[in-house]
Amino acid sequence: MANFNDIIGQEQIKEHIKNAISSGKVSHAYVIQGEQFAGKEFIAKIFAMALQCEERGKEGSEIPCQKCHSCRQALSDNQPDIIKVTHEKPNTVSVDDVRAQISGDVGIKPYGSPYKIYIMNEAEKMTVQAQNALLKTLEEPPEYVVIMLLTTNVNALLPTILSRCVVLNMKPVADHLVRKYLMQELQITDYKAEVCVAFARGNIGKARQLAFSEGFENVKDEALSILKYIQDMELHEMVAAANRIREYKLDKSDLIDIMMVWYRDVLLFKATNDMNHLVFREEGSALRQVARRSSYEGIEAVLEALDKAKKRLDANVNPDLVMELLFLTMKENG
């Protein structure tokens, strides 16, 4: 099922979309910006379903109704007037993609719906030429056309594109809503939910993915084995453990995120002597030991080193060197 109630958080976006539909003031173009896995595609799908719903405009009707012919087609991804723009090259949306799937198609009227809706995911991958081709359509779109551009980086789009779009920015979902979703809807245990919530940082799709990811469990265990026994391990052993996470289809930045949550727990416990609000409270004995032997300055230094390591990985610095420097700081400070 898919309706507005299934969108968790994002109240401002939901309100904007509902108002646009009810008032009939639907823009010809939207940009939905949010992190990977945050749910941009889900929001776009519900928006498109609602626009095409055969119950739209009928007093007292809940839209999308999910029962009419159009909604049923949309739920099975077979609605002919909701078009997903694809691209063959993994890192590029080319001018040919835009011309073939949008510019050369907009002149054909909808088959039987009020709108013809184009949804482009990874819009940040459009080349400048592709964006300029799209701009021509945005300047004089047919009245029935709605284009939805989904992106992780709105700054990759030309100002001339953005000036013709309504930009909807997704926000991190409150932790308590993510936790409730994981525990009530997905039946995830409270401890595992806490770890996923802390790690996902308001990204509900990422939290869901982590909850069912065997790889995440393995990376978490790998991280804990380093964190708990760091004083007894040689540097090359720690680097080897960090490299093993490749087998689980996650990367070193995921490992660093887990370590950051651990050291925040250490800092919180050192300050409060209370395990109840910690993410890794099931590791109470080890956390207590690290908190006892580490100074506040040492923990802060480790957290700073973890943040610096993430930035270095993003900048494509040699990953083994990044991890070696990080582990040295961690050994020195607790």
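Counting of residues starts from 1 at the beginning of each chain's written sequence and follows it residue by residue. Totals for whole chains, interfaces and linings use all residues, but because this is a predicted model, local features are given only for residues with pLDDT of at least 70 and pairs of side-chain atoms are given and counted only at 80 or more. Hydrogens and water are ignored here; the side-chain numbers use all heavy atoms of the structure.

Engineer: How would you explain the overall build of the protein if you had to name every residue and give the values?
Structural biologist: Only DSSP runs of H or I with at least four residues qualify as helices, and only runs of E with at least two residues qualify as strands; both kinds are numbered from the N terminus onward. For the protein, the helix and strand inventory stands at 15 helices and five strands. Dimensions of the protein, computed from C-alpha atoms along their principal axes, come out at roughly 70 × 45 × 30 Å. Per-residue burial over the protein gives 50% buried out of 334 residues. When checking whether two residues touch, look at their non-hydrogen atoms; a contact exists if any pair is within 4.5 Å. The contacts in the protein between residues at least 6 apart in sequence include a share of 71% that link residues at least 24 apart. For accessible areas, the Shrake-Rupley method is used with a probe of radius 1.4 Å. Any residue's cover is judged against the shown protein chains and nothing else. When the accessible area of the protein is evaluated, it comes to approximately 16900 Å², of which 47% is carbon and sulfur surface. Only four residue types enter the tally: Lys and Arg on the positive side, Asp and Glu on the negative side; His and the chain ends are excluded. Where a charge lies is defined by one atom per residue type: Lys uses NZ, Arg uses CZ, Asp uses CG and Glu uses CD. Positive and negative charge centroids in the protein, built from 41 and 47 side chains respectively, lie 2 Å apart. Exposed residues in this analysis have more than 50% of their type's maximum accessible area, buried residues have under 20%, and partly exposed residues fall in between, with area computed by a 1.4 Å probe over protein chains only.

Engineer: How would you summarise the packing of aromatic side chains if you had to cite specific residues and measurements?
Structural biologist: Stacked, edge-to-face and tilted labels apply to pairs of Phe, Tyr and Trp rings (six-membered ring for Trp) whose centres lie within 6.5 Å, assigned for plane angles under 30 degrees, over 60, and everything in between, in that order. The final tally for this structure, using the stated rule, is two aromatic pairs. Aromatic pair Tyr30 and Phe47: ring centres 5.0 Å apart, planes at 80°, arrangement edge-to-face. One end of the pair, Tyr30, is in strand 1 (residues 29–33); the other, Phe47, is in helix 2 (residues 40–52), and 17 residues separate them in sequence. You can call Tyr30 buried: its relative accessible area is 1%. Considering the side-chain rings of Trp262 and Phe280, the 5.9 Å spacing of their centres and the 55° angle between planes classify their relative orientation as tilted. You can see Trp262 sitting in helix 12 (residues 252–272) and its partner Phe280 sitting in the loop between helix 12 and helix 13 (284–293), a full 18 residues away along the chain.

Engineer: Hey, could you go over the layout of surface pockets for me, with residue numbers and the actual values?
Structural biologist: The volume enclosed by the largest pocket comes to roughly 570 Å³. Lining the largest pocket are 23 residues, with Asp6, Ile8, Phe42, Tyr181 and Ile204 sitting closest to its centre. Every element with two or more residues in the lining of the largest pocket is listed here: helix 2, helix 7 (175–185) and helix 9 (204–211). With five residues, the top contributor of residues to the lining of the largest pocket is helix 7. Gly falls in the polar group here, along with every residue not listed as nonpolar (Ala, Val, Leu, Ile, Met, Phe, Trp, Tyr, Cys, Pro) or charged (Asp, Glu, Lys, Arg). A breakdown of the residues in the lining of the largest pocket according to their chemical character gives 12 nonpolar, six polar and five charged. Only protein atoms enter the 1 Å grid used here. Points where a 1.4 Å probe fits but cannot escape make up a cavity, open sets with protein on both sides within 12 Å along at least five of seven lines make up a pocket, and a residue lines them when an atom lies within 4 Å of a point. Together, 21 residues line the second largest pocket, and Phe37, Lys206, Ser253, Asp254 and Asp257 are the ones closest to its centre. A class-by-class count of the residues in the lining of the second largest pocket yields seven nonpolar, five polar and nine charged. Grid points are joined across faces, edges and corners, and a volume is the space filled by probe spheres set on the points.

Engineer: Provide a residue-level description of a nonpolar patch on the surface, including the pertinent values.
Structural biologist: Patch construction takes residues with relative accessible area above 30% that form no salt bridge. Like charges are linked within 9 Å, and nonpolar side chains (Val, Leu, Ile, Met, Phe, Trp, Tyr) are linked within 5 Å. Between Lys or Arg on one side and Asp or Glu on the other, a salt bridge is scored when a side-chain nitrogen of the former is within 4 Å of a carboxyl oxygen of the latter. Residues Val317, Leu321, Leu325 and Leu328 make up a contiguous nonpolar surface patch of about 300 Å² in total accessible area. Among the secondary structure elements, Val317 is positioned in the loop between helix 14 (296–314) and helix 15 (319–333). A relative accessible area of 33% places Val317 in the partly exposed class.

Engineer: So what's going on with the state of the cysteines? Which residues, and what values?
Structural biologist: The disulfide definition used here is simple: a pair of cysteine sulfur atoms within 2.5 Å. One pass over the structure, following the stated rule, counts zero disulfides. Just so you know, Cys71 is unpaired, no disulfide at all, and the nearest cysteine sulfur is the one on Cys68, 3.6 Å from it. Overall, Cys71 belongs to the buried group, its relative accessible area being 0%.

Engineer: Describe the pattern of salt bridges, naming the residues involved and giving the relevant values.
Structural biologist: Following the criterion strictly, the structure yields 12 salt bridges and no others. Its salt-bridge partner being Lys84, residue Asp77 comes within 3.4 Å of it at the nearest N-O pair. Note that Lys125 and Glu122 form a salt bridge whose closest N and O atoms lie 3.0 Å from each other. Judged by its relative accessible area of 29%, Glu122 falls in the partly exposed class. What you see here is one network of salt bridges that share partners, running through Lys45, Asp77 and Lys84.

Engineer: Can you break down helix 10 (residues 214–229) residue by residue, with the values?
Structural biologist: Under the convention used throughout, the expected extent of a helix is 1.5 Å for every residue step, that is, one less than its residue count. The end-to-end C-alpha distance of helix 10, which contains 16 residues, comes to 23 Å, matching closely the 22 Å that a straight helix rising 1.5 Å per residue would cover. Listed as buried for helix 10 are Gly215, Phe216, Val219, Lys220, Glu222, Ala223, Leu224, Ile226 and Leu227. Looking at the buried residues of helix 10, the elements they touch are helix 8 (190–200), helix 9, helix 11 (235–243), helix 12 and helix 15.

Engineer: Now, about helix 4 (residues 95–103): what can you tell me, with residues and values included?
Structural biologist: Along helix 4, the residues classified as buried are Val95, Asp97, Val98, Gln101 and Ile102. Angularly, the buried residues of helix 4 cover 155° about the axis, an arc narrow enough to put them on a single face. For helix 4, exposure combined with an orientation more than 90 degrees from the buried face picks out Asp96 and Ala100. Along its buried surface, helix 4 packs onto strand 2 (82–85), strand 3 (116–120), helix 5 (128–139) and strand 4 (145–151). Working note: the arc is built from the helix axis to C-beta atom directions.

Engineer: Tell me about the packing of helix 8 against helix 10, residues and numbers included.
Structural biologist: Interaxial distance between helix 8 and helix 10 falls to 13 Å at its minimum, and their mutual angle equals 85°. Between helix 8 and helix 10, the angle is such that the two are roughly perpendicular. Between helix 8 and helix 10, the residues in contact are Tyr191, Lys192, Val195, Cys196 and Phe199 and Phe216, Glu217 and Lys220, respectively. The class makeup of the residues in the contact of helix 8 with helix 10 is five nonpolar, no polar and three charged. Axis lines are fitted through C-alpha atoms, for helices just across the contact stretch, and the angle between N-to-C directions can take any value from 0 to 180 degrees. Under this scheme an angle from 65 to 115 degrees is roughly perpendicular, one under 35 degrees roughly parallel, and one over 145 degrees roughly antiparallel; angles in between are oblique.

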